[in-house]
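Each chain, letter by letter, is given below.
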Amino acid sequence: MDADYGIPRQLSDLQKLRSQYQPELPPCLQGTTVRVELRDATTAADPFGEHTIKRFFPHTYGQPLAHFLRATAKVPDAQIITEHPAIRVGVVFCGRQSPGGHNVIWGLHDALKVHNRKNILLGFLGGSEGLFAQKTLEITDDVLATYKNQGGYDMLGRTKDQIRTTEQVNAAMDACKTLKLDGLVIIGGVTSNTDAAHLAEKFAETKCPTKVVGVPVTLNGDLKNQFVEANVGFDTICKVNSQLISNVCTDALSAEKYYYFIRLMGRKASHVALECTLQSHPNMVILGEEVAASKLTIFDITQQICDAVQARAEHDKNHGVILLPEGLIESIPEVYALLQEIHGLLRQGVSSDKISSQLSPWASALFDFLPHFIRKQLLLHPESDDSAQLSQIETEKLIAHLVETEMNKRLKEGTYKGKKFNAICHFFGYQARGSLPSKFDCDYAYVLGHICYHILAARLNGYMATVTNLKNPANKWHCGAAPISAMMTVKRYGRGAGQASIGVPALHPATVDLKGRSYELLSQNATKFLLDDVYRNPGPLQFDGPGADAKAVTLCVEDQDYMGRIKKLQEYLDKVRAIVKPGCSQDVLKAALSAMASVTDILSVISSPSSASTPF
């Protein structure tokens, strides 16, 4: 074992108190019997890419959805597993650290030990590189003692996020075979769970006995689909950031002379920015999805903010708070195109100090227009997924600089009569990432860990642990598992060069739905937020008492629980089968045929590829 991993933490009194909190388990996960219902086969989320997904996943595509049932459930077809032979399971952190990640391991460990004390859980040290090198730490009660309900990933650590190349996949397989693992649990976001699906398919193809399970843990909140309502860590990140934003709002209202530009984490999707806006009510938020949908230029965004500043000045308000997602810079069409030219030249080996001279005329003009500090940041080498190093690009300072320049121009021209514009910039990124997890994330992560064991007990491969109906109390959560391949889509074209993922099935980041209820709620309040200073302070993270059970606004307003609805549909179909049996009356049969004909006609139209919207 590496000396830096798994060592007891020095806990404060609050941390000690949190380590004693025992998350609640839904009834379906309690006891020593696993009850799983496997019904109809799943289909691809992307009807256009179904053929491609089938081709890439011949062994793991089309597997059934799994529901885990409580002991009192009357489901005749359920598989009841009472025998639990000893198994060995490995777990690895593959995504960026997210509050609650440790509780996934705790939940998995507890489930393993409840069902058979001889079960072994091995944690891979240092992320995927530790997996390839077979560096492990046996997870025990003593190791977990100071990591329960704590933030960070420091019990095991993490490095690279990918298990993708042939060499990496073979190294992972060798580790699983050498260590005689019955299961491998991969904790991470869209990239990590995509890799988990491909790894599961490879294991099935080569008859490797290890079953691969994915867990949705990412602070960006972008691993969302019909099966996954929320990601571990998102709730905590938004609550911590919302308090910081609210503190800044109060400061702005007190001084009445500053505009605060705050950049939030989120990468390609603006879920964090949207949720924090709904929790803390800043004056304005610019979502990357809005910019991309309306094809707003950097000039358009500047004018939009300047018009807002001017409108507030007319109400004698010369202060404000504006939120920006870190992925905004890539959502601006002309800036994204510039980044693609720069990244293309970097891949060709052109040194950063010579790139400006090799840009196309329009790109060179835009590059020269931008402030020096932004030019330097745009020249950074891209991430492994070909995106810019978003955390290193100070978009908030760029926008503040452009707005200040325009407001000074308007002030000089006499079209703006307010006070001189003053901007203060912040990046709220890593401050929240290592936070103690919220009560919701503690519970959710722990439950997902238990589900991982249930998946392995049912001998399922290539599945993701899922919980739906999350906006309700834990005793009403619906626990199950869905094949990761059923969540995948296929890119048919890419933005820029070097898009190796085109034509390859993958989980892609879910962006903010501009037709969804959460965005509708934002739109309804946008004018009030802008002009009325209805700042809201949710306070610091609560573990007990008022606010402890509060959940993300975006989770509560959306109408979700896909797993519950699938279950309800199956119940209706069972009732139809029970009523319409050979020997029933002609009237019953005619009514059933007429109703079913209408339903199938409607569903055929809705589900046909020609009527489905293209996801990319």
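Residues numbered from 1 in each chain as written. Predicted model: local features only at pLDDT ≥ 70, side-chain atom pairs only at ≥ 80, totals over all residues. Heavy atoms only, no water.

1. Some details on the sheet that holds strand E10 (residues 284-285)
No. 1: Strands sit in the order E10-E11-E9-E12 across an open sheet of four strands; the sheet is parallel. The strands lining the two open edges of the sheet, one partner per strand, are E10 and strand E12 (423-428).
No. 2: Note: strand E9 (residues 259-264) against E12, six bridges, orientation parallel. Across the sheet, residue Tyr259 finds its bridge partner in E12, namely Ala423. (Pairing = 2+ DSSP bridges. Helix = DSSP H or I, 4+ residues; strand = E, 2+ residues; numbered from the N terminus.)

2. A few points about the environment of Arg70
No. 1: Relative to the assigned elements, Arg70 resides in the loop between strand E2 (64-68) and strand E3 (79-81).
No. 2: Exposure remark for Arg70: the relative accessible area of 39% places this residue in the partly exposed category.
No. 3: Considered as a pair, Arg70 and Gln30 are 40 residues apart in the sequence and their alpha carbons are 7.7 Å apart.
No. 4: With residues near it in sequence (within four places) discarded, Arg70 still touches Pro27, Cys28, Arg35 and Asn475. (Buried < 20%, exposed > 50% of the residue type's maximum accessible area, 1.4 Å probe, protein only. Contact = heavy atoms within 4.5 Å.)

3. Observations regarding the nonpolar core
No. 1: Ile105, Ile187 and Ile451 are the most contacted members of the largest nonpolar core, which has 90 residues in total.
No. 2: Examining the composition of this core, we find that 12 residues originate from one element, helix H18 (residues 439-457), more than from any other.
No. 3: Shared between two domains, this core holds at least three residues of each, these being domain 1 (29-231 + 437-487) and domain 2 (234-434 + 522-554).
No. 4: If near-sequence neighbours (up to four positions away) are discounted, Ile187 is found in contact with Val91, Val92, Phe93, Cys94, Gly95, Gly101, Val104, Ile105, Tyr153, Val215 and Val217.
No. 5: One finds Ile298, Ile322, Ile342 and Val350 within the second-largest nonpolar core, a separate group that totals 47 residues. (Core = buried A, V, L, I, M, F, W, Y, C linked by side-chain atoms within 4.5 Å. Domains from an automatic or database assignment.)

4. Let's talk about the domain arrangement of the protein
No. 1: As assigned here, the protein comprises domain 1 (29-231 + 437-487), domain 2 (234-434 + 522-554) and domain 3 (562-595).
No. 2: The C-alpha-based centres of domain 1 and domain 3 are spaced at 35 Å.
No. 3: Contacts between the two partners involve 16 residues from domain 1 and, on the opposite side, eight residues from domain 3.
No. 4: Roughly 920 Å² of surface becomes buried between domain 1 and domain 3 when both sides are summed, with 59% attributable to carbon and sulfur atoms.
No. 5: If you sort the residues of domain 1 by the area they bury against domain 3, Arg39, His67 and Gln226 come out on top, with a joint share of 48%.
No. 6: Across the contact surface, domain 1 and domain 3 share one salt bridge.
No. 7: The partner of Arg39 in a salt bridge is Asp574, with the nearest N and O atoms 3.3 Å apart.
No. 8: For the pair domain 1 and domain 3, the interface holds one residue pair in polar contact (both at pLDDT 80 or more).
No. 9: Taken together, the elements giving at least two residues each to the side of domain 1 that touches domain 3 come down to strand E1 (34-41), E2, strand E13 (463-468) and strand E14 (478-483). (Buried area = accessible area lost by both parts, 1.4 Å probe. Salt bridge = Lys/Arg side-chain N within 4 Å of Asp/Glu carboxyl O. Polar contact = N/O pair within 3.5 Å; in protein donor to acceptor, adjacent residues only side chain to side chain.)

5. Side note on the pairing of strand E4 (residues 88-93)
No. 1: For E4, the buried fraction is high: five of the six residues fall into the buried class.
No. 2: When E4 meets strand E5 (residues 120-124), the two strands line up parallel, connected through four bridges. Pairing of Val91 across the sheet is with Gly123, part of E5.
No. 3: Read from E4 through helix H3 (residues 101-115) to E5, the crossover connection turns out right-handed.
No. 4: With five bridges connecting them, E4 and strand E7 (residues 183-188) associate as parallel partners. Within the sheet, the bridge partner assigned to Val92 lies in E7 and is Ile186. (Right-handed = clockwise from strand over helix to strand, strands pointing away.)

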